[in-house]
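# Observations on chain architecture
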Amino acid sequence: MRLLVTGGAGFIGSNFVHHVIEHTDHTVTVLDALTYAGNRASLAGLPADRVELVVGNILDAALVDDLIAEHDAVVHYAAESHNDNSLHDPRPFLDTNIVGTYTLIEAARRHGTRFHHISTDEVYGDLELDDPARFTESTPYNPSSPYSSTKAGSDLLVRAWVRSFGLQATISNCSNNYGPYQHVEKFIPRQITNVLTGERPKLYGAGLNVRDWIHADDHSSAVLTILQSGVIGETYLIGADGEKDNKSVVERILTLCGQPSDAYDHVVDRPGHDLRYAIDSTKLRTELGWLPRYSDFDGGLAATIEWYRNNEAWWRPQKAATEARYTAQGQ
Ligand code: NAD
Ligand code: TDX
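Everything quoted here is computed from the prediction, not taken from an experiment.

So, how was this worked out
- Residues numbered from 1 in each chain as written.
- Chains lettered and ligands numbered in written order.
- Predicted model: local features only at pLDDT ≥ 70, side-chain atom pairs only at ≥ 80, totals over all residues.
- Heavy atoms only, no water.
- Phe/Tyr/Trp six-rings, centres within 6.5 Å; stacked < 30°, edge-to-face > 60°.
- Helix = DSSP H or I, 4+ residues; strand = E, 2+ residues; numbered from the N terminus.
- Buried < 20%, exposed > 50% of the residue type's maximum accessible area, 1.4 Å probe, protein only.
- Lys NZ or Arg CZ within 6 Å of the ring centre and 35° of its normal.
- Near = heavy atom within 4 Å.
- Polar contact = N/O pair within 3.5 Å; in protein donor to acceptor, adjacent residues only side chain to side chain.
- Areas by Shrake-Rupley, 256 points an atom, 1.4 Å probe, with all protein chains shown as cover.
- Axes fitted to C-alpha atoms, helices over the stretch in contact; angles between N-to-C directions.
- Parallel < 35°, antiparallel > 145°, perpendicular 65-115°, else oblique.
- Left-handed = near helix turned anticlockwise from the far one by under 90°.
- Contact = heavy atoms within 4.5 Å.
- Nonpolar A, V, L, I, M, F, W, Y, C, P; charged D, E, K, R; others polar.
- Core = buried A, V, L, I, M, F, W, Y, C linked by side-chain atoms within 4.5 Å.
- Expected span 1.5 Å × (residues − 1).
- Pairing = 2+ DSSP bridges.
- Patch = residues over 30% accessible without salt bridge, like charges linked within 9 Å, V, L, I, M, F, W, Y side chains within 5 Å.
- Salt bridge = Lys/Arg side-chain N within 4 Å of Asp/Glu carboxyl O.
- Lys, Arg positive; Asp, Glu negative; His and termini not counted.
- Charge placed at Lys NZ, Arg CZ, Asp CG, Glu CD.

### With respect to the packing of aromatic side chains
Going through the model one piece at a time under the given rule, you end up with 14 aromatic pairs. Each ring, one from Phe93 and one from Tyr147, has its centre 6.4 Å from the other, and the planes form 80°; the classification is edge-to-face. One end of the pair, Phe93, is in helix α4 (residues 91-111); the other, Tyr147, is in helix α5 (residues 146-165), and 54 residues separate them in sequence. Per residue, the accessibility class of Phe93 equals that of Tyr147, and both read buried. The interplanar angle of 75° and the centroid separation of 6.4 Å between the aromatic rings of Tyr308 and Trp314 together place this pair among those described as edge-to-face. In this structure, Tyr308 and Trp314 share a single accessibility class: buried. Linked through ring pairs, Tyr178, Phe187, Trp213 and Phe297 together constitute an aromatic cluster. The ring of Phe165 has Arg109 sitting right over it, with the charged end atom 3.7 Å from the ring centre. Positioned above the aromatic ring of Tyr326 is the side chain of Arg190, whose terminal nitrogen or guanidinium carbon lies 3.8 Å from the ring centre.

Next comes the structure, spelled out in structure tokens:
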């Protein structure tokens with residue numbers, strides 16, 4: 001297959017491209033605007049005869065139409081992805097996440113092209129810390145932030161295009177990813193690179209919020225599975241049973257880096273901070289036979305720390321500006 005991967009120079013998109021090159025014979029065209037979150041270096045070392053980067057915007061309808069005409073399937077990762085940014089400047093989230101998705105699905109329906117939409121568990125809102133429930137495909141949408149509401153909007157557009165126009169689409173909603181190539185604004189890489197630069201990790205509020213962690217490579221194998229055998233019109237939740245509170249994750253990072261586990265600061269909390277996310281991925285496991293490979297969070301975290309230690313040239317250019325932005329926000 002010829003795959004068009006939007007946002008393929010970002011964190012999860014680039015992990016997907018590496019995964020596809022390693023595990024299939026597909027060729028990949030990455031369409032990426034190289035915003036602050038995109039990085040050409042995340043695609044370095046991939047074979048030039050199988051991976052091409054087109055620097056362009058998913059809002060460019062003519063470019064999107066030309067590219068979709070030449071491909072067998074679209075995997076749509078491109079998004080504004082950071083909750084904290086969405087609280088300070090929501091507009092790019094509306095443009096890219098909603099109008100950008102609209103631009104892509106219009107072209108995909110014109111050409112009858114298979115479309116897979118990447119989304120997040122945050123569309124379901126949050127769960128209480130002591131609630132035994134987890135999100136399933138039938139949990140009602142209840143997003144909290146500008147980011148998650150624009151992702152919810154994009155999911156609903158895809159669902160409507162399937163029903164009204166016969167768009168050949170599937171949707172997946174995944175939990176929090178970790179692994180190589182993640183921007184230093186995000187929780188785990190921020191804390192790892194703080195420790196590596198002699199700064200203390202920063203925990204929002206009391207740090208009791210729970211996230212359900214999955215390695216980005218497991219997210220990629222799930223998306224490939226859905227692309228190959230998912231049922232058109234269906235939504236699949238992707239998760240690896242990785243619930244951890246933020247405080248434990250920071251303590252684990254410090255310990256793995258050989259520092260005292262309490263060498264972190266509490267900083268001002270995120271407004272509207274979702275308490276807990278938790279995914280029930282039974283449908284994907286039973287209907288499509290997918291299983292995560294990284295069941296050991298500690299091992300995955302140690303490998304991720306090692307990756308940041310060995311790839312300072314990749315993250316260093318972003319670090320000072322990212323921390324300056326957080327400092328201005330009191331975080
Ligand atoms: P990211 O911010 O690391 O990467 C986003 C990529 O999209 C960047 O390369 C950026 O340059 C590109 N991009 C942004 N706007 C664009 C535009 N208008 N046109 C073309 N390219 C554009 O994000 P990520 O964490 O890799 O997330 C990727 C997708 O996965 C998003 O759709 C996100 O909602 C979803 N998701 C993320 C997580 C997570 O834990 N990070 C979890 C579940 C779902
Ligand atoms: O410095 C920090 N300190 C801290 O305590 C940062 C950056 C975050 N946090 C907390 C906030 C969250 O409870 O850590 C948790 C994770 O924060 P983020 O990395 O910003 O992720 P989150 O808001 O959970 O959203 C992520 O997962 C779902 C991705 O950024 C989204 O794109 C995805 O949809």
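Next comes the rest of the write-up.
### Focus: the site of ligand 1
Residues in contact with ligand 1 amount to 28 residues; listed here are only the nearest, Ile12, Asp32, Ser81, Tyr147 and Lys151. At 3.0 Å from a nitrogen atom of ligand 1 is found a main-chain nitrogen or oxygen belonging to Ile58. At 2.6 Å, a side-chain N or O of Tyr147 approaches an oxygen atom of ligand 1. The fraction of the free accessible surface of ligand 1 (840 Å²) that becomes covered by protein chains is 96%. Among the secondary structure elements, those contributing two or more residues to the shell around ligand 1 are α1 (11-23), β5 (114-120) and α5. Of all the elements, β5 adds the most residues to the shell around ligand 1, at 3 residues.

### A word on the packing of helix α8 (residues 246-256) against helix α10 (residues 297-310)
At a minimum axis distance of 10 Å, the contact between α8 and α10 shows a crossing angle of 60°. Taken together, the axes of α8 and α10 are oblique relative to one another. Crossing angle aside, the handedness with which α8 passes α10 is right-handed. Across the interface between the two elements, Val249, Arg252, Ile253 and Leu256 from α8 touch Phe297, Asp298, Leu301, Ala302 and Ile305 from α10. Class assignment of the residues belonging to the contact of α8 with α10 gives a composition of 7 nonpolar, no polar and 2 charged.

### Comments concerning the nonpolar core
Within the largest apolar cluster, 29 residues are counted, with the highest numbers of intra-cluster contacts made by Phe16, Val17, Ile238 and Leu284. Among the secondary structure elements, those contributing two or more residues to this core are β1 (2-6), α1, β2 (27-32), β4 (73-76), α7 (216-229), β11 (235-238) and α9 (282-288). Here the element with the most residues in this core is α7; it accounts for 5 residues. Ranked by size, the runner-up nonpolar core spans 22 residues in total, among them Ile192, Val195, Val249 and Trp315.

### Details of α7
With 14 residues, α7 ought to run about 20 Å at 1.5 Å a step, and its terminal C-alpha atoms sit 20 Å apart, in line with that. Extensive coverage of α7 is indicated by the burial of 12 of its 14 residues.

### Here's the deal with the sheet that holds strand β6 (residues 169-174)
A sheet is described by the order of its strands in space; here 7 strands give the open sequence β3-β2-β1-β4-β5-β6-β11, paired in parallel fashion. If you trace the sheet from one side to the other, it starts and ends with β3 (51-55) and β11, each paired once. Strand-to-strand, the axes of this sheet are offset by a mean angle of 20°, without reference to chain direction. Of the strands in this sheet, β5, β6 and β11 are in contact with α5, which crosses β5 at around 155°. Taken strand by strand, α7 contacts β1, β4, β5, β6 and β11, and its axis lies near 145° from that of β5.

### Describing the pairing of β1
Along β1, 4 of the 5 residues are buried, which leaves the element largely enclosed by surrounding structure. Here 5 bridges tie β1 to β2, and the two strands are oriented parallel to one another. Within β2, the position partnered with Val5 by the bridge is Val30.

### Some words on a negative patch on the surface
Together, Glu52, Asp60, Asp66 and Glu70 give the surface a local cluster of negative charge. Examined against the element boundaries, Asp66 turns out to sit in helix α2 (residues 61-69).

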